[in-house]
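Structure assessment
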Amino acid sequence: MEKRLVKLTVNGVAHERAVAPAATLLEVLREELFLTGTKRGCDVGDCGCCTVLLDGAPVLSCLVLALEADGAEIRTIEGVANGNQLHPVQQAFVDHGAIQCGFCTPSMVLNAVHLLDTNPSPDAAAVKTCVSGTICRCTGYTKIEQAVHAAARACTKTP
Amino acid sequence: MTTWQLLGKPTPQVGAVDKVTGRARYTDDLRVHDPLHVKILRAPHASAKIKSVDVSAAKALPGVRAILTGADFKRTFGVLPISRDEPALARDRVRYVGEPVAAVAADSARLAEAALAAIRVDYEVTPAVLTFEEARRETKTPLHPELEKSNNLHKQVQQSFGDLSRGFADAAVTVEGEFRFLPVTHAFTEPHAVQVEHDGELLVVTSATQVPHYVHLALSEVLELPPHRLRVVKPHLGGGFGGKSDPFPHEMIAAKFALVTGRNIRLVYEREEVFLSNHGRHPTELKMKLGLHPERGVTALDTKVMIDGGAYGSFGVVTTYYNGVLLQGPYPVPNSAFQCERFYTNKPMCGAMRGHGGVNPRFASETLMDMACVQAGLDPLEARLKFLHTGDTITPNGFRITSAGLREGLAEAAQRTKWKEKWGKLPPGKGIGVACGFFISGSALPIHRNELPQSTVRLTIDFDGGITVYSGASDIGQGSDTMLALVVAEVLGAPLSLVKVVSADTRLTPIDLGSYSSRVTFMAGNAARNAAISMRKELVAAAARLSGRAPPEYPKPGEPESPFRLGQRPPDFDSHFLGPNPDYRDGWTFANLTVTPDGGAALDYFQVVTAALAGRGILQTQGVYQSPKLEGGKHKGAGAGLSPSYSFTAVISEVDVDVETGFVRVEKIACAHDCGRQLNPLAVEGQLEGSIHMGLGQALMEGMAYEAGAVQNASFLEYKIPSAFEQPVIDLVRCPSVDNEGPFGAKEVGEGALAPVVPSIANAIYDAVGVRLMRVPMTPEVVLAALAARRGR
Amino acid sequence: MLLPAFSYERPAELPGALALLQRLAAAGVSYRVHAGGTDLVPELKRDEAAIGTVVSISRLEALRGVRARPDGGLEVGALTRLSALAEEVRERFPVISDTALQIASPQIRNRATLGGNLLVDNRCVYFNQSPDHRDVHAGCFKAGGEVCHLVPSAKRGAQPLCRARFVSDLAPVLILHDAKVVLARAGAERELLLKDLYAPDGIQRTQVAPGELLTRVLIPASATRRVHYLKLRIRQALDFPSLGVAVSLDGKKLGVALTGVNTHPVVLAYEGALDATLKQACEDGPKRVAPLAQDFFSPAYRRQMIPVLIRRAVAVLSKKDTP
């Protein structure tokens, strides 16, 4: 299995790695770039925990061959905060107790960041849909949805 | 008690920022130096003799560094000393599909996996025991011959209190039912993982575990290594719910590989392996009969339970008891009997899962309670309000119930849900139902009988005034680190930012039995509170010196005025255990980094710390929690379910039943949970919302599907956890309750609320469409079948 | 789960891709086409069988997007992602948009494609398992073995050999729109009615020949036809259809297309007074399907729900009729 060069821009940093066709984006992020904020919960596209933003859209990195991401802009959970300044979504998750074990949190946050980027005033259905792609076993989703709504309000207040 | 500065306010978790930025490290996120990767070969048969295992071809493959088989482990293990029946790797025989048989450590996970395919295991398939009927049968070849039994009964318990036949004679109505429950599993999102590193003579085992202490003990046994050569560490953990509360084979295997190879080890499960390891809630068949009197409440309760334990013991003996003893609440039951039998079968083992042992019998008792109320012409909510336990009670089996504050909460929930206007009056297909529950706040008796406190906390203050809490309690996402920090900060008047919690590291942190049985807030919280009270005494002494005052006189606690009021007495500084939840008022106020004597001038906290450190270098105290010696009665198994305190819950569910498809939509759930005083409302709400989610899943869709002993739905796609779309609107109702012995008046909130969720939905379905469901999960097909059966009558 | 070794090609242009497919087909190399990867990657992870080549078409931008056709219909590139499809057809074909949004999860819809959903592999509880699990029950025909656990009497040569069920949500809806698919191969292409794309077998599932690639979907306009889709599943997210019922009304024509309950989409067509056609469809539906015990819901239940959902879909369409 011949390795090939893949170019990825991850959280604004350009990387070049030689990867085998069988390597997933999740593996490259976690094992090569040590970006372990992206979680491996099921590895077959069911749990949602490995979500990253690929060219701005949330995708499951366990289902993306690394070679498929060649040339793409990737944003992981490590790239959401601006230095020590939390993104309003992150702050809302903290403040509203939307976090228990935290294993689904990176995915939930990235999905919510994308939602608010594309739909600054989401209704309840849009928020539920945004949350529905990730399994959370701790919170029953309640506080996560509340946090996304709160973040939407915070974002519209401070443009 | 003075007003709280920190407690009682919604407080985000201390690690929340790390979790929300991706900095939080979970076990498989750690990057130990140059590890070997481990993969496990699993049994493809539910029951078979292992005739031979040939690893020679696998060993010869490139990159393979070591292979282990059952022959490499002399000792079996198990979380309970009475059922240490599980091997790290199967020897001689396999007892379930997925049982670990051999393991490979190689330079990469890929090489390890390739090597598994080269291991040759010669099996002789033997008849599998998969059902209750098969497990009850006489046999010459039971799963566990060492028990010297002629069938596969693992544990049988029987208890009876009062006079059952007189109880039923007293009843105005008697109802009964036969109930059946599919197995459900925890389905935490972080798979099991372990990493092992060498640190000189020390083997450092980092594991996703709820119980570092038990893992430490089991590793020592299985590896035949003195305990002091081990260190077990739990980093951030992605959910447990009981599913990480046993020591596991993979921990034994990884540590053994580290010993054998001298290398660091990394092992992480695939999701399918997590399902195969299970340890979830037991499949259950249950018969129950309940007698009710409209004035006197439950007069008699007769329960017969069979639970399918799978291949090994796990927590099963405890589960067997909990299926009966937790029925002693939430109402007084003067006359009762229960029998529970746990069987071994050729399936992955069952163990402790949120609401341990109490969930399925609660479904039965609360369904029957509802039936009895309807038959007796009682409003089921008002009847429950009337019959609930009051505080300061001893149950017939000897449980000491201290605080019981559900009554007000349930009344409030009834108002908020407009119960009176809805129950029995909603349009067809819409229904409302109620159910109550009762759960322990930790077990009064430890698993290992010894003289150690159940929880110990070490507290230090260093030169910089920084406060460090060392606790063995395992934060599994429930927020126990935050609870410990809050409790200590409250006593010492420090901001949360000054407090660092070091937890769940068996070398650095004192013994704590782990995060299960809803014990942590009550026990570790009390230990932390006591450590902080002792620290406060040190600081007060220094502050008194600085301000030229005499140190306070600490009164002796004396004898308690009542066996229900052991807390809120002066701390007993003559004993390591100051007492549960002592009243630490000392004539000083600690607030906002000042230390102020009554009627005196404020001293700066840091100045006081510096004075206290003079000549000592570090301030260090310890606090412990030890459950009071509860009587519990003289009967066999009297210790089971004994707890220093109990929680109470009421759940009101509102449903919409589609009578054509059988789909049940749970629209709203109101939940009143008596957890004593809420130390951190944000965490309390989170626990309740999570319990509701899990109860909803078991009620409507979750169930492990087995065929020939193999789990057929070992994925998050096929094992149906409710999605965000299924979660109902939740209304949480506070109960104005203060537990005398819980830290600052708190008791459990992690588990108790789950159980009544399931029957509240069943009772709401009855209100909606008039059918009683006795199969769980209540899938659309179960609902339709019941509707058809009613039409057929 | 680790992916097995395979070679990987990612052509930049359609002609190159078709030439490659032709070469691989001619050489008898086993290959799989990768569009969004959301169905393929898990299957590859679970498959021990040697895969020759993965041909990724994800760079073929020409196959992405929705274009209006002169007749007022739409031409949709097979590589159009489901989330984009939902956006772009919302105005013209809201039911297609709604259906797309009922598939899997938002993250999956951001990768999964229209072509991928139409060609999504058939599913079975005995097939969609790890290789270890397949060892427990012995590999089934679809997994390269010699048994069907659902129909133990099945032998090689039987038709159908494999009963893995068809699970596309979009197929029944597009079938009732009389959609066509364009199958291209090097130097040529053919059009096929979508309903004729499928074959009644869980292994040989489609008419796509070796070397062919599904490139476009043609959705004709109709001023009178209205379609509704109802999806039965225990959770309102993530799950494949346990049963999917698409219903169309067009004057006196009633159409029904069923998914999730057979090896292929089952299509029923009637003409006449709605009372009569509806009654007939409700009678025929359960008889024309072959659900097996390979889903959360039992075969009997899924059969039973067919008339319920047909009637409900008709009710929705009739309501839309009378504003």
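Quantities reported herein were computed from a predicted structural model and do not represent experimental measurements. (Residues numbered from 1 in each chain as written. Chains lettered and ligands numbered in written order. Predicted model: local features only at pLDDT ≥ 70, side-chain atom pairs only at ≥ 80, totals over all residues. Heavy atoms only, no water.)

One frequent convention defines the size of an interface as the accessible area lost when the parts assemble. Listed as interface residues are 54 residues of chain B and, on the opposing side, 45 residues of chain A. Buried area between chain B and chain A, both sides added, is near 3,800 Å², and the carbon and sulfur share of it is 55%. Among the residues chain B hides against chain A, the three largest losses belong to B:Val20, B:Thr189 and B:Ala724. Together they make up 17% of the total. Connecting chain B to chain A are nine salt bridges. (Contact = heavy atoms within 4.5 Å. Buried area = accessible area lost by both parts, 1.4 Å probe. Salt bridge = Lys/Arg side-chain N within 4 Å of Asp/Glu carboxyl O.)

All names here are of chain A. The five strands are arranged 2-1-5-3-4 in an open sheet whose pairing can be described as mixed. Sheet topology places strand 2 (13-19) and strand 4 (57-60) at the edges, where each strand pairs with a single neighbour. On average, adjacent strands in this sheet sit at an angle of 40° to one another, irrespective of strand direction. Of the strand pairs in this sheet, strand 1 (residues 4-10) and strand 5 (residues 73-75) are connected by two bridges, and their pairing is parallel. Note on strand 5: the bridge partner recorded for Val10 is Ile74. (Pairing = 2+ DSSP bridges. Helix = DSSP H or I, 4+ residues; strand = E, 2+ residues; numbered from the N terminus. Axes fitted to C-alpha atoms, helices over the stretch in contact; angles between N-to-C directions.)

What follows covers unusual backbone geometry. Working note: non-glycine residues mostly have negative phi, and peptide bonds are mostly trans. In this model, B:Gly329 is joined to B:Pro330 through a cis peptide bond whose omega is 5°. Counting through the fold element by element, B:Pro330 comes out in the loop between helix 9 (316-325) and strand 15 (336-343). Note the cis peptide between C:Gln159 and C:Pro160, where omega equals -10°. Phi is positive for A:Asp55, which is not a glycine, with a value near 50°. Along the chain, A:Asp55 turns up in the loop between strand 3 (51-54) and strand 4. The exposure class assigned to A:Asp55 is exposed, which follows from its relative accessible area of 53%. At B:Asp92, a residue that is not glycine, the phi angle is positive and equals roughly 65°. Residue placement: B:Asp92 occurs in the loop between strand 3 (64-69) and strand 4 (93-94). B:Asp92 gets classed as exposed once you look at its relative accessible area, which sits at 61%. (Buried < 20%, exposed > 50% of the residue type's maximum accessible area, 1.4 Å probe, protein only.)

Another point: the pairing of strand 10 (residues 243-250) of chain C. Residues and elements named next belong to chain C. Within strand 10, seven of the eight residues are buried, leaving the element largely enclosed by the surrounding structure. Both strand 9 (residues 226-232) and strand 10 contribute to a ladder of seven bridges, which runs antiparallel. Considered in strand 10, the bridge of Arg226 is made with Leu249. Pairing geometry for strand 10 and strand 11 (residues 253-259), over seven bridges, is antiparallel. Looking at strand 11, one finds that Val245 is bridged to Leu258.

Attention shifts here to the pattern of salt bridges. Going through the model one piece at a time under the given rule, you end up with 76 salt bridges over all chains. The partner of A:Glu68 in a salt bridge is C:Arg10, and the shortest N-O contact between them spans 3.7 Å. Residue A:Glu68 is found in the loop between strand 4 and strand 5, and its partner C:Arg10 is found in the loop between strand 1 (7-9) and helix 1 (14-27); the two belong to separate chains. Both residues of the pair, A:Glu68 and C:Arg10, count as buried.

The next subject is the sheet that holds strand 22 (residues 588-591) of chain B. Either a parallel or an antiparallel arrangement is found when strands of a sheet pair, and the pairing is made through backbone hydrogen bonds. Residues and elements named next belong to chain B. Strand order in the open sheet formed by three strands is 22-23-24, with antiparallel pairing between adjacent strands. At either margin of the open sheet sits one strand with a lone partner, and together these are strand 22 and strand 24 (603-604). In terms of strand pairing, strand 23 (residues 594-597) meets strand 24 through two bridges, oriented antiparallel. The residue bridging Val595 from the neighbouring strand is Leu603, located in strand 24.

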